[in-house]
Amino acid sequence: MSQRKSIGTSRMTGGVRAPVDAIEIIVRNDWQAKKVMALMWLMVAVAVGASIVGWLIFASHGLSPADGGVLRPVGERLAFGGFVAALGLGCLYGMMVYGSVYVAGMQREGDAITVETLTPFGRRARRFTVGDFGPATFHRGKLQARVSVNAPYLTLPVTGWMLPLVVDLQSEVVALEAA
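Just so it is clear, the structure is predicted and the values come from calculations on it, not from any experiment. (Residues numbered from 1 in each chain as written. Predicted model: local features only at pLDDT ≥ 70, side-chain atom pairs only at ≥ 80, totals over all residues. Heavy atoms only, no water.)

Peer 1: Before we go on, may I ask you to explain the overall build of the protein chain in this structure?
Peer 2: Secondary structure assignment for the protein chain yields two helices and ten strands. Of the regular secondary structure in the protein chain, the N- to C-terminal order runs β-α-α-β-β-β-β-β-β-β-β-β. Put simply, of all contacts in the protein chain between residues at least 6 apart along the chain, 55% involve residues at least 24 apart. Carbon and sulfur atoms make up 64% of the accessible area of the protein chain, which amounts to about 10700 Å² in all. (Helix = DSSP H or I, 4+ residues; strand = E, 2+ residues; numbered from the N terminus. Contact = heavy atoms within 4.5 Å. Areas by Shrake-Rupley, 256 points an atom, 1.4 Å probe, with all protein chains shown as cover.)

Laid out in structure tokens, this is it:
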């Protein structure tokens, strides 16, 4: 990272830096990561449900007495049912993309940084060098509406990736000065 700012200290080490040869935990995120994985599985259920409803719409749209009791034209049924199914599948795709950039863990060992992201079945580890990361951007993550949301996060660009990594600052351990 070109500019290093102290975001927090490791609760595991009490702010004491580990030896250079040891593995340093930069981010450890268990509770929030479990919630994101639960949302991933919810989106699987939504996609399956939307696909079933889309098929049922395609198969029977227009048969109810209120609609005239006659099937609508194939194009109309296909468009309506396909839209419902695509909506559910789009939600699933979006959540899978988010899980692939959501940092569930990050640790440093020398010049190598291992980043763990989420899949529906667990975590996926990828190794990078320190030079692969660009400068982090802080986002307040505040929303004041009927419900108040306070979820600060960082976006961390990686060389060769189209989307930046998302580092949740509500993680159990956030010690980005170790990076």
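Peer 1: Mind showing me how you'd approach the pairing of strand S9 (residues 165–168) here?
Peer 2: Every other side chain in a regular strand lies on the same face of the sheet, so the side chains alternate between the two faces. What you see with S9 is no split at all: Leu165 and Val167 on one side and Val166 and Asp168 on the other are buried throughout. As judged from the four bridges shared by strand S8 (residues 153–156) and S9, these two strands associate in the antiparallel manner. Residue tyrosine 153 lies in a different strand from S9, and its bridge partner there is aspartate 168. (Buried < 20%, exposed > 50% of the residue type's maximum accessible area, 1.4 Å probe, protein only. Pairing = 2+ DSSP bridges.)

Peer 1: Please clarify how helix H1 (residues 31–60) should be interpreted in this entry.
Peer 2: Residues that lie three or four places apart on an α-helix share one face, since the helix turns once every 3.6 residues. Taking 1.5 Å of rise per residue, 30 residues should cover 44 Å, and H1 covers 43 Å from first to last C-alpha, within 8% of that figure. When we look at burial in H1, the residues that qualify are Gln32, Ala33, Val36, Met37, Met40, Met43, Ala47, Ala50, Gly54 and Ile57. Count one or two residues on from H1 and you reach glycine 62, which has phi positive near 105°. (Expected span 1.5 Å × (residues − 1).)

Peer 1: For this particular structure, what's the right way to read the side chain of asparagine 29?
Peer 2: Assignment of secondary structure puts asparagine 29 in the loop between strand S1 (24–28) and H1. Overall, asparagine 29 belongs to the buried group, its relative accessible area being 0%. In this structure, asparagine 29 is in contact with Tyr102, Val103, Ala104, Arg123, Asp168, Ser171 and Glu172, ignoring residues within four places of it in sequence.

Peer 1: What should I look at first to understand helix H2 (residues 74–101) in this one?
Peer 2: Counted at 1.5 Å a residue, the expected span for H2 with its 28 residues is 40 Å, and the 40 Å between its end C-alpha atoms agrees. As for H2, its buried residues are in contact with H1, strand S3 (112–119) and S9.

Peer 1: Help me out: how do you make sense of the sheet that holds strand S10 (residues 173–174) in this one?
Peer 2: Hydrogen bonds between backbone groups are what pair the strands of a sheet, and the pairing can be parallel or antiparallel. Reading across the sheet, the five strands line up as S4-S3-S2-S1-S10 and stay open at both edges, with antiparallel pairing between neighbours. Across the chains shown, the open sheet's two edge strands, defined by having one partner strand only, are strand S4 (122–129) and S10. Alignment of S1 against S10, held across two bridges, turns out to be antiparallel. Counterpart to arginine 28 in the pairing with S10 is valine 173. Most of the contacts of H2 go to S3, to which it runs at about 155°, and overall it touches S3 and S4. (Axes fitted to C-alpha atoms, helices over the stretch in contact; angles between N-to-C directions.)

Peer 1: What is the right way to read the nonpolar core from this model?
Peer 2: The tendency in soluble globular proteins is for nonpolar side chains to be buried side by side. Formed by 14 residues in total, the largest nonpolar core has its most connected members in Val27, Val103, Met106, Ile113, Val115, Phe133 and Leu165. Looking at this core, the elements that each hand over two or more residues are S1, S3, S8 and S9. (Core = buried A, V, L, I, M, F, W, Y, C linked by side-chain atoms within 4.5 Å.)

Peer 1: Quick question: what am I supposed to make of the sheet that holds strand S5 (residues 137–139) here?
Peer 2: Across the sheet, three strands lie side by side as S5-S8-S9; this open sheet has antiparallel pairing. At either end of the open sheet lies a strand with only one pairing partner, and these are S5 and S9. Taking the axes of each pair of neighbouring strands and ignoring which way they run, one obtains an average angle of 25° across the sheet.

Peer 1: Help me out: how do you make sense of the pattern of salt bridges in this one?
Peer 2: Close approach of charged atoms allows side chains of opposite charge to pair. What the rule picks out here adds up to five salt bridges. A salt bridge links glutamate 76 to arginine 72, with the nearest nitrogen and oxygen atoms 3.9 Å apart. With relative accessibility at 31%, the residue arginine 72 sits in the partly exposed group. Measuring nitrogen to oxygen at the nearest pair gives 3.8 Å for the salt bridge that ties aspartate 111 to arginine 108. Salt bridges linked by common partners bring Arg28, Asp30, Glu116 and Arg123 together as one network. (Salt bridge = Lys/Arg side-chain N within 4 Å of Asp/Glu carboxyl O.)

Peer 1: I tried to follow the environment of alanine 125 on my own but got confused; where do I start?
Peer 2: Mapped onto the elements, alanine 125 comes out in strand S4. Judged by relative accessible area, which is 53%, alanine 125 ranks as exposed. Along the primary structure alanine 125 and glycine 105 are separated by 20 residues, whereas in three dimensions their C-alpha atoms are 8.7 Å apart. When near neighbours in sequence (up to four residues on either side) are disregarded, alanine 125 contacts Thr114, Val115 and Glu116.

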